[in-house]
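# What the coordinates show
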Amino acid sequence: MPIVTNLGVFDDIKAQALAKEKQGGFFVELKDQILVYIPGKDRLVVSFDNHASISEDQTEPRLPWAYGLIAKRGWGCLGVMNKRNGFYQQPDLHAALEMLRDDGLFKSYPAVSLYGASSGGFGACVFAGLAPNATVVATAPQSSLAQRLAPFETRYRYARRIELWNDREAPYQDAAIGLATAAKAYLFYDPYESIDAQHFARLRGPNTIGLRCPHFTHKIPPVMRRLGLLKAIFEPALEGRLTPQEFYKAIRARKSVPMYQLKLLQDAMDRGHFDLAERTALSLLAEQKNWKIRKSLQRIRQARKEIQG
């Protein structure tokens, strides 16, 4: 599993946290995570890294997930930042978060939100029980990597080897349990990503709002970023006031994003709709010059030739 070897990338956020030490700010290094708390007002957002957070370029300063949005609102931020990817299956992390709960950090705010994407979405869901009645915002979250709970999950082969997944008594393995304690949970997922859809089915409950992101793939935040919708979607979600109607109206612009267009073409080809895929690719190329769409058109035509013999 990737690991951060240059801990200097945390220096900037460490300095920010310690600058507010008198107000309770802190920076704690655990075996595989960094816990950084920067006090704020009105709402505490607990944000969780994902696998993409550990960049190959280990010279760029690291910030907690979604820190820019959190800081602009003046909210408090508890960032759970990975030094090593491991789906938050570390006993020292569990103990540290429970200690913060027992010390009253979560109760010191009038509102708490937990936020993350992919494995970070798993973290946001599975630890929701630390702050009952919180708002959870998770994009493409896994419900578990334990084989007995999610036998359909075949990705993350290194993380699935973590021994703790085999311990039925170990806590924080099933995100569905933690998520059930939330007041409201926004779960963003692509229904055409089969594994993600099955995780959503395990997480769905009376307190969840499932928001379908067709053809966004597993990487929903990058598509939202290209659409310029990160703030417009996730800020109201973190406050618990986003409605499905507002969400679906906002993402109508997705058809202009190349990442979405390419996934749409691939899905059409996978389903054998070669005529539709070719017409769509030609229409897109008439509006824009994009070498990836041009390559997709070539693959569509080649696949059709092979099928037709």
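Keep in mind that what you see is a predicted model, and the values were worked out from it rather than measured. (Residues numbered from 1 in each chain as written. Predicted model: local features only at pLDDT ≥ 70, side-chain atom pairs only at ≥ 80, totals over all residues. Heavy atoms only, no water.)

## Concerning unusual backbone geometry
Located in the positive-phi region is Tyr88, a residue other than glycine, with phi close to 60 degrees. With respect to the element layout, Tyr88 can be found in the loop between strand E4 (76-82) and helix H3 (91-102). In the Ramachandran plot, Tyr172 falls in the positive-phi region, its phi being about 60 degrees despite a non-glycine side chain. With respect to the secondary-structure elements, Tyr172 resides in the loop between strand E6 (135-139) and helix H5 (175-179). (Helix = DSSP H or I, 4+ residues; strand = E, 2+ residues; numbered from the N terminus.)

## Regarding a positive patch on the surface
The grouping of Lys289, Arg294, Lys295 and Arg299 at the surface amounts to a positive patch. By the element assignment, Arg294 lies in helix H12 (residues 291-308). (Patch = residues over 30% accessible without salt bridge, like charges linked within 9 Å, V, L, I, M, F, W, Y side chains within 5 Å. Areas by Shrake-Rupley, 256 points an atom, 1.4 Å probe, with all protein chains shown as cover. Salt bridge = Lys/Arg side-chain N within 4 Å of Asp/Glu carboxyl O. Lys, Arg positive; Asp, Glu negative; His and termini not counted. Charge placed at Lys NZ, Arg CZ, Asp CG, Glu CD.)

## Points about the packing of helix H11 (residues 274-287) against H12
Direction vectors running N to C along H11 and H12 enclose 160 degrees, while the axes themselves pass 10 Å from each other. When the interaxial angle is binned, H11 and H12 end up roughly antiparallel. Crossing of H11 against H12: the hand is left-handed. Mapping the contact onto sequence places Phe274, Asp275, Ala277, Glu278, Ala281, Leu282, Leu284 and Leu285 in H11 and Ile293, Arg294, Leu297, Ile300, Arg301, Ala303, Arg304 and Ile307 in H12. Within the contact of H11 with H12, the residues separate by chemical class into 11 nonpolar, no polar and 5 charged. (Axes fitted to C-alpha atoms, helices over the stretch in contact; angles between N-to-C directions. Parallel < 35°, antiparallel > 145°, perpendicular 65-115°, else oblique. Left-handed = near helix turned anticlockwise from the far one by under 90°. Contact = heavy atoms within 4.5 Å. Nonpolar A, V, L, I, M, F, W, Y, C, P; charged D, E, K, R; others polar.)

## Here's the deal with the packing of aromatic side chains
Taken as a whole, this structure holds 14 aromatic pairs when the rule is applied. Measuring from centroid to centroid gives 5.2 Å for Phe87 and Tyr156, while their planes differ by 65 degrees, and the two rings are edge-to-face. Taken together, the positions of Phe87 in the loop between E4 and H3 and Tyr156 in the loop between E6 and H5 put the pair 69 residues apart, joining distant regions of the chain. Owing to a relative accessible area of 2%, Phe87 belongs among the buried residues under this scheme. For the pair Tyr189 and Phe200, a centre-to-centre distance of 4.1 Å together with 15 degrees between the ring planes defines the contact as stacked. Taken as a pair, Tyr189 in strand E7 (residues 184-189) and Phe200 in helix H6 (residues 194-203) lie far apart in primary sequence, 11 residues in all. Among the residues examined, Tyr189 registers a relative accessible area of 9% and is labelled buried. A cation over a ring is seen here: Arg43 above Trp75, with NZ or CZ 5.9 Å from the ring centre. (Phe/Tyr/Trp six-rings, centres within 6.5 Å; stacked < 30°, edge-to-face > 60°. Buried < 20%, exposed > 50% of the residue type's maximum accessible area, 1.4 Å probe, protein only. Lys NZ or Arg CZ within 6 Å of the ring centre and 35° of its normal.)

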